[in-house]
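Chain by chain, the residues:
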Amino acid sequence: RRVLFRSGRKVNPESQTQRVIDTGKPIFLRTQQEIRGPVIPLEEVKDDDSQSAMFVPLRFGNEAIGVLSVQTLDQCAYSPDDLHLVETCALYVAVAVQAETMRGEKEALQSVASRDALTGVASRRAFDQRLHDDWARAQREDGFLSVLVMDVDWFKRFNDTYGHVAGDACLNQVAQAAQSCIVRESDLLARYGGEEFTAILWQTDASGAAIVAERVLNAVRALDVPHAESPLGR
């Protein structure tokens, strides 16, 4: 026997699973002759279908958010009492599935808010929160905390000369170059706004921060992005 559930996944529109989702009602199949539409085959059996099956909706409120399925190769294996038991289990499974779905959606929203859409580095919001937390931690632990503030020189002229698409590509290149130099999990690189970037370096004093800043500067220089309107020509 095998127990399965389907939630948040594309299913065959002709399947028993889809019928349960559409109607919100369970399906009780005693023999293969009663099975209409494809069912989910047992993995350990090749080229064969289940002989008995129960499909029960996972309900949350008035919505069917998934389907709990129990299947076996034996005919007439289940009774109405078995169906009632599966329906009871489905109540608890539905709550767990909905909670996990909401948790995933919340994490996705938090991830979007914490990442800069253009460069993929941390956002201004994430920087502000991390700075607040790390500053409080440094005070508690009497630790070091350094902050780098970086600005792309002559960026407005670059945008005016080459256009915003090229400007976005340039910022993305700069962000990736800087990120390659700030690799510790305890540190954070963020886009502060426009062409400005910031980095929080945990347990790093002024001399250590200067070393990291020099590495970032060299990495950005190595990009050698052409800039005809810059006094430096790049």
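Let us look at the structure shown here. Just so it is clear, the structure is predicted and the values come from calculations on it, not from any experiment.

**Thoughts on the packing of aromatic side chains**
Line of reasoning, step 1. Within this structure, the stated rule accounts for three aromatic pairs.
Line of reasoning, step 2. On the basis of an interplanar angle of 90 degrees and a centroid distance of 5.5 Å, the ring pair of Phe127 and Tyr192 is categorised as edge-to-face. Of the two residues, Phe127 is situated in helix α3 (residues 124-141) and Tyr192 in strand β6 (residues 188-193); the sequence distance between them amounts to 65 residues.
Line of reasoning, step 3. For Phe127, a relative accessible area of 5% gives the class buried.
Line of reasoning, step 4. With relative accessibility at 28%, the residue Tyr192 sits in the partly exposed group.
Line of reasoning, step 5. A centroid spacing of 6.3 Å and a plane angle of 15 degrees characterise the contact between Phe155 and Phe158, whose relative ring orientation is stacked.

**A look at the sheet that holds strand β7 (residues 196-202)**
Line of reasoning, step 1. The sheet built from three strands is open, its strands ordered β5-β7-β6 with antiparallel pairing. The open sheet has two free edges, formed respectively by β5 (145-151) and β6, since each of these has just one partner strand. The sheet shows a mean angle of 25 degrees between the axes of neighbouring strands, direction not considered.
Line of reasoning, step 2. Helix α5 (residues 164-179) contacts β6 and β7 of the sheet and is inclined by roughly 155 degrees relative to β6.
Line of reasoning, step 3. Taken strand by strand, helix α6 (residues 206-223) contacts β5 and β7, and its axis lies near 30 degrees from that of β5.

**Brief notes about the packing of α5 against α6**
Line of reasoning, step 1. Two numbers describe how α5 lies on α6: the axes approach to 8 Å, and their chain directions differ by 140 degrees. Our classification of the angle between α5 and α6 gives oblique. For the crossing formed where α5 meets α6, the hand is right-handed. Counting all contacts with α5, which are made through Gln173, Val174, Ala177 and Ala178, the residues of α6 involved are Val216, Ala219, Val220 and Leu223.
Line of reasoning, step 2. Considering only residue class, the contact of α5 with α6 consists of seven nonpolar, one polar and no charged.

**Section: the pattern of salt bridges**
Working definition: two side chains of opposite charge can pair if their charged atoms are close together.
Line of reasoning, step 1. A full pass over the atoms with the stated rule returns six salt bridges.
Line of reasoning, step 2. In this structure, Arg124 engages Asp128 in a salt bridge whose closest nitrogen and oxygen atoms are separated by 3.4 Å. You can see Arg124 and its partner Asp128 sitting in helix α3, four residues apart, about one turn around the helix.

Parameters at a glance
- Throughout this document, residue positions are counted from 1 along each chain, in the order its sequence is written.
- Under the rules for a predicted model, residues below a pLDDT of 70 receive no local features and side-chain atom pairs below 80 are neither given nor counted, while totals for whole chains, interfaces and linings still include all residues.
- With hydrogens and water set aside, each side-chain value is computed from the structure's full complement of heavy atoms.
- To pair, rings of Phe, Tyr and Trp, with the six-membered ring standing in for Trp, must have centres within 6.5 Å; the planes then decide the type, stacked if under 30 degrees apart, edge-to-face if over 60, and tilted in the middle.
- Labels follow the DSSP assignment, with helices taken as runs of H or I lasting at least four residues and strands as runs of E lasting at least two, numbered in each case from the N terminus.
- Burial status follows relative accessibility: with a 1.4 Å probe on protein chains alone, a residue under 20% of its type maximum counts as buried, one over 50% as exposed, and anything between as partly exposed.
- Each pair of strands is called paired provided DSSP finds at least two bridges between the two strands.
- To obtain each axis, a line is fitted to C-alpha atoms, and for helices this fit is confined to the stretch in contact; angles are then taken between N-to-C directions over 0 to 180 degrees.
- Throughout, a residue-residue contact means that at least one pair of heavy atoms, one from each residue, lies within 4.5 Å.
- Should an angle lie under 35 degrees it is considered roughly parallel, over 145 roughly antiparallel, and from 65 to 115 roughly perpendicular; all remaining angles are considered oblique.
- Crossings are classed by handedness, with left-handed meaning an anticlockwise turn of the near helix from the far one by less than a right angle and right-handed meaning a clockwise turn.
- Asp, Glu, Lys and Arg are counted as charged, while Ala, Val, Leu, Ile, Met, Phe, Trp, Tyr, Cys and Pro are counted as nonpolar; the rest, among them Gly, fall into the polar class.
- Salt bridges are defined by distance alone: a side-chain nitrogen of Lys or Arg within 4 Å of a carboxyl oxygen of Asp or Glu.

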